[in-house]
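# Coordinate analysis (summary)
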Amino acid sequence: MTPQAQAASLLALAKINREESKNFLRHSVHSMHQFESDAERLEKQAAELLAVAHDLLTLHIAHHNHPTHAHARKLINQIKGTQ
């Protein structure tokens with residue numbers, strides 16, 4: 001192979017490598033944006049779940065502090081004979 005043919009072959013390989021690198025970079029940027037979008041969505045869902053958990057805990061505490069609940073515990077203890 002002549003030096004000119006070798007140079008032409010190397011130039012062709014360099015162009016192919018450049019295109020593959022550009023495609024890889026485009027794909028990487030797209031993946032990064034998708035990851036950021038997923039992370040934002042998951043963060044929002046986590047905040048919503050935390051709010052629901054807080055509401056459930058508040059309801060649970062309110063339920064256990066309700067006078068009817070205390071009365072029910074007293075009746076159960078009387079039935080068991082523990083009072």
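Residue numbers run consecutively from 1 along every chain, following the written order of its sequence. The predicted nature of this model means local features are confined to residues of pLDDT at least 70 and side-chain atom pairs, given and counted, to a pLDDT of 80 or more, with totals for whole chains, interfaces and linings taken over all residues. Hydrogens and water are ignored here; the side-chain numbers use all heavy atoms of the structure.

### A word on helix α2 (residues 67-80)
Taking 1.5 Å of rise per residue, 14 residues should cover 20 Å, and α2 covers 20 Å from first to last C-alpha, within 8% of that figure. Two residues or fewer past α2, G81 is found with a positive phi of approximately 80°. Helix numbers and strand numbers start at the N terminus; a helix is a DSSP run of H or I with at least 4 residues, a strand a run of E with at least 2. Under the convention used throughout, the expected extent of a helix is 1.5 Å for every residue step, that is, one less than its residue count.

### Focus on the pattern of salt bridges
Every case where a carboxyl oxygen of Asp or Glu lies within 4 Å of a side-chain nitrogen of Lys or Arg is listed as a salt bridge. In this structure the tally under the stated criterion is two salt bridges. For the salt bridge of E19 with K22, the shortest nitrogen-to-oxygen distance reads 3.2 Å. Taken together, the residues E19 and K22, both in helix α1 (residues 3-65) and three residues apart, mark about one turn of the helix. On the accessibility criterion, K22 (31% relative accessible area) is partly exposed. As a salt-bridge pair, R41 and D38 come within 3.7 Å of each other at their nearest N and O atoms. Residue R41 and its partner D38 are both found in helix α1; the two are separated by three residues, about one turn of the helix. Classification of residues uses two cut-offs on accessible area relative to the type maximum, computed with a 1.4 Å probe and protein chains only: under 20% is buried, over 50% is exposed, and between them is partly exposed. With relative accessibility at 27%, the residue D38 sits in the partly exposed group.

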